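Residue-level structural notes
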Amino acid sequence: LTRRDKPKEKKVQAEPIVIVKHDEEIGFKLYRKIVVIILFALLFTRIVNAFIVQETIVNGSSMSPTLESADKLLIDKIFYKVGDLKRYDIIVFDYHHSSVYIKRIIGLPGEKVTISEGKVYIDGKLLKDDPLSKDTMNYSGIAGNGVILGENEYFVLGDNRNNSYDSRYEQVGIVNKSSIIGKVWIRIFPILKFGTVN
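Let us look at the structure shown here. (Residues numbered from 1 in each chain as written. Predicted model: local features only at pLDDT ≥ 70, side-chain atom pairs only at ≥ 80, totals over all residues. Heavy atoms only, no water.)

This paragraph deals with the side chain of Arg-187. With respect to the element layout, Arg-187 can be found in strand E11 (residues 180-189). One polar contact links the side chain of Arg-187 to the main-chain carbonyl oxygen of Thr-66, over a distance of 3.0 Å. Within polar-contact distance, the side chain of Arg-187 engages the side chain of Asp-71 at 2.8 Å. Apart from the residues within four sequence positions on either side, Arg-187 is in contact with Thr-66, Leu-67, Asp-71, Lys-72, Leu-73, Lys-193, Phe-194, Gly-195 and Val-197. (Helix = DSSP H or I, 4+ residues; strand = E, 2+ residues; numbered from the N terminus. Polar contact = N/O pair within 3.5 Å; in protein donor to acceptor, adjacent residues only side chain to side chain. Contact = heavy atoms within 4.5 Å.)

This brings us to the sheet that holds strand E8 (residues 147-148). Here 4 strands make up an open sheet; going across it, the order is E7-E6-E5-E8 and the pairing antiparallel. Each of the sheet's edge strands pairs with one partner strand only, and the pair in question is strand E7 (125-126) and E8. (Pairing = 2+ DSSP bridges.)

On to the side chain of Arg-161. Its location among the elements puts Arg-161 in the loop between strand E9 (153-157) and strand E10 (175-176). Under the relative-accessibility criterion, Arg-161 is labelled buried at 3%. Within polar-contact distance, the side chain of Arg-161 engages the side chain of Asp-130 at 2.6 Å. Once residues lying within four places of it in the same chain are set aside, the contact partners of Arg-161 are Ile-106, Val-120, Asp-130, Leu-132, Met-137 and Arg-168. (Buried < 20%, exposed > 50% of the residue type's maximum accessible area, 1.4 Å probe, protein only.)

Moving on to the layout of surface pockets. A volume near 270 Å³ is recorded for the largest pocket. If you trace the largest pocket, you find 15 residues lining it, with Asn-59, Ser-62, Val-100, Tyr-101 and Ile-102 closest to the centre. Mapped onto the lining of the largest pocket, the elements with two or more residues apiece are strand E1 (53-57) and strand E4 (99-107). Residue contributions to the lining of the largest pocket peak at 4 residues, all from E4. Along the lines of polarity and charge, the residues of the lining of the largest pocket split into 8 nonpolar, 6 polar and 1 charged. (1 Å grid on protein atoms, 1.4 Å probe; cavity = no way out; pocket = protein on both sides within 12 Å on 5 of 7 lines; lining within 4 Å. Points joined across faces, edges and corners; volume = space filled by probe spheres on them. Nonpolar A, V, L, I, M, F, W, Y, C, P; charged D, E, K, R; others polar.)

Further remarks concern the environment of Ser-179. Inspection of the secondary structure assignment puts Ser-179 in the loop between E10 and E11. Taking the C-alpha atoms as reference points, Ser-179 and His-96, separated by 83 residues in sequence, lie 8.7 Å from one another. Look past the residues within four positions of Ser-179 in its chain and what remains in contact with it is Phe-93 and Asp-94.

On to the pairing of E4, then. Buried residues dominate E4, accounting for 7 of its 9 residues. Of the strand pairs in this sheet, strand E3 (residues 90-95) and E4 are connected by 6 bridges, and their pairing is antiparallel. Considered in E4, the bridge of Asp-94 is made with Val-100. Bridge count between E4 and E9: 3 bridges; the pairing is antiparallel. Across the sheet, residue Gly-107 finds its bridge partner in E9, namely Phe-155.

What follows covers the pattern of salt bridges. By the definition in use, this model includes 6 salt bridges. Of the charged contacts in the structure, one is a salt bridge between Lys-183 and Asp-89, with a shortest N-O distance of 3.6 Å. Of this pair, Lys-183 sits in strand E11 while Asp-89 is found in the loop between strand E2 (72-76) and E3, placing the two residues 94 residues apart along the sequence. Close ionic contact of Asp-159 with Arg-104 constitutes a salt bridge, the shortest N to O distance being 2.7 Å. Of this pair, Asp-159 sits in the loop between E9 and E10 while Arg-104 sits in strand E4, and the two are 55 residues apart along the sequence. In this structure Asp-159 comes out as buried when scored by relative accessible area, which is 1%. Classification of Arg-104 as buried rests on a relative accessible area of 4%. (Salt bridge = Lys/Arg side-chain N within 4 Å of Asp/Glu carboxyl O.)

Take it as geometry only, folks, not as evidence of what the structure does.
Printed below as a string of structure tokens:
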């Protein structure tokens, strides 16, 4: 009788332990990430809206034909401060903490603005490059006898000059730089008119 060798036992390799996370745990982590992303986006939007860019909607026809009622605009609230505001810039300013107005800068600090026979004069000289000089104004208001602008003061007019409540009226008057919210940057609606505003 021959003795057979005992068969060698095969080594069984231990399988790695895999922990399967419950669907509820995965769902909760995903939900938490989405909430964090949404909160971050809202915070970012609020910061941008408060300090950098703000959306506003034109109400009325005082800036026609440049801007029409219901136009949606983006207002630059910070970058315009790098340089000085210029004549013909379109600005948004706070009107006695009750509403905001959109008008075009005509007179700059230190200048004398006079409106005579429907035309604008700066320091006694006719403003010839005024893009709206063809429109004769029916009302001179406080500029009829000339208005001298102090430091950080601006004289503004609406582009629709015979239908605009602007610096000619005592109730609006001269606009101080501290009241300026920003400079009109881009029209975002209507889509066909999308682009920078001049």
